[in-house]
Amino acid sequence: MGLKLNETYFTLDGYVQLHKYRYLYFVIMFAVYILILCCNLTIVFLIVFKKSLHEPMYIFIAALLMNSVMFSTVVYPKLFIDFLSERQVMSYEACLFQSFMFYSLGGSEFLLLSAMAYDRYVSICKPLQYPTIMRNTTISIFLVLAWILPSSQVAVMTVLFANDAICSFKVKGIFCNNAILELLCVRKIAHIIHEIVILFIVALFPFFFILFTYTRILIISFQRNRAFRTKAAQTCLPHLLVLVTFSCSGTYDVLISNIDSDFSKTEYLVMTLQMLIYTPLFNPIIYGLKIKKISNYIKKIVLQNYN
């Protein structure tokens, strides 16, 4: 990998025996990336081209899956380059950009899940008002906010980081995430406060809002008949499974850079790879299997190709 003069580079120090297993790493992660693209984009194309799926819930699912594709694309191509390179380095500017995109899209994931929770709440708890509330304008506003709000917040943090002094150039990881905070000479109080504000706005507040809406749905469901409870469970369970999976990944990413741990480099690598694989691959599988309309279309496509 050619390096430019007068440019700052970080060394990505999270790999384990890369010289020995580089081709194995490459083949496995490349296969995973292709699988992520195929699974997510298949459902996105179904939602785009099938008019019966042009409903708020499916539009939010498509947005969430496209977010997963972008989330993976921010990280995976650089991994492929590193697997096949003698030196695992990343320019200062590229590292900041990757970190910015990683956390912007992570925040968007939480906000999109919040929009989906609100959609389910209105659909189940206020069915008569649903067409009035969940109009195209409302959907558009939710989608714009889901991508603009996190990116604007994370952009401020990225600018603050860019103006700070760096005392280390070795990133404890395989891509630029929270680990780059350990490179700073001093972590200023103002930065820590801003990090907490971002965490509250794009993660904690949406998370508790989602819990509140599904709790309300659960309470109302138990007041209705069994058929109503079954229908509510079928539509809400996939969203809750996706929320739990992504929340676990987000919690790991936040905690790993803020606590001192005795994890070995191998354990760090395994946990990081799990974070990069599980959510982007888990989401389309859950929605493809658990959302009846989507699963029916997928079955039809498979049967048509098989016949």
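As a reminder, the structure under discussion sits directly above these lines.
Description of the structure in this document. Since we're looking at a predicted model, the values are computed, not measured.

Structural notes on the sheet that holds strand E3 (residues 170–171)
Logical step 1: Strand order in the open sheet formed by three strands is E2-E1-E3, and the pairing between neighbours is mixed. At either margin of the open sheet sits one strand with a lone partner, and together these are strand E2 (89–91) and E3.
Logical step 2: Its contacts with the sheet place helix H3 (residues 92–125) against strand E1 (9–12) and E2, and it is angled at close to 90 degrees to E2.

What to know about the environment of Ile43
Logical step 1: If you trace the backbone, Ile43 turns up in helix H1 (residues 18–49).
Logical step 2: In sequence terms Ile43 and Ile61 are 18 residues apart; their C-alpha atoms lie 8.8 Å from each other.

A look at the pattern of salt bridges
It is possible for side chains bearing opposite charge to pair when their charged atoms get close.
Logical step 1: This structure, assessed with the given rule, holds four salt bridges.
Logical step 2: Here Lys265 ties to Asp13 by a salt bridge, and the two come within 3.4 Å at their closest N and O atoms. Here Lys265, found in helix H8 (residues 265–290), pairs with Asp13, found in the loop between E1 and H1; they are 252 residues apart in sequence, far enough to count as distant.
Logical step 3: You can call Lys265 partly exposed: its relative accessible area is 38%.
Logical step 4: Look at Asp13 and you get partly exposed, because its relative accessible area is 29%.
Logical step 5: Lys293 is the salt-bridge partner of Glu55, the closest N and O atoms lying 3.2 Å from each other. Of this pair, Glu55 sits in the loop between H1 and helix H2 (56–83) while Lys293 sits in helix H9 (residues 292–306); the two residues are 238 residues apart in sequence, bridging distant segments of the chain.
Logical step 6: Look at Glu55 and you get partly exposed, because its relative accessible area is 33%.

Overview of the packing of aromatic side chains
Logical step 1: Inspection of the entire model under this criterion finds 19 aromatic pairs.
Logical step 2: Measuring from ring centre to ring centre gives 5.5 Å for Phe30 and Phe80, while their planes differ by 65 degrees; the resulting arrangement is edge-to-face. Of this pair, Phe30 sits in helix H1 while Phe80 sits in helix H2, and the two are 50 residues apart along the sequence.
Logical step 3: Assessed through its relative accessible area of 37%, Phe30 is described here as partly exposed.
Logical step 4: Judged by relative accessible area, which is 10%, Phe80 ranks as buried.
Logical step 5: Summarising the aromatic geometry, the rings of Tyr118 and Phe142 are spaced 5.7 Å apart at their centres and angled 90 degrees between planes, so their arrangement reads as edge-to-face. Taken as a pair, Tyr118 in helix H3 and Phe142 in helix H5 (residues 136–162) lie far apart in primary sequence, 24 residues in all.

So, how was this worked out
Residues numbered from 1 in each chain as written. Predicted model: local features only at pLDDT ≥ 70, side-chain atom pairs only at ≥ 80, totals over all residues. Heavy atoms only, no water. Pairing = 2+ DSSP bridges. Helix = DSSP H or I, 4+ residues; strand = E, 2+ residues; numbered from the N terminus. Contact = heavy atoms within 4.5 Å. Axes fitted to C-alpha atoms, helices over the stretch in contact; angles between N-to-C directions. Salt bridge = Lys/Arg side-chain N within 4 Å of Asp/Glu carboxyl O. Buried < 20%, exposed > 50% of the residue type's maximum accessible area, 1.4 Å probe, protein only. Phe/Tyr/Trp six-rings, centres within 6.5 Å; stacked < 30°, edge-to-face > 60°.

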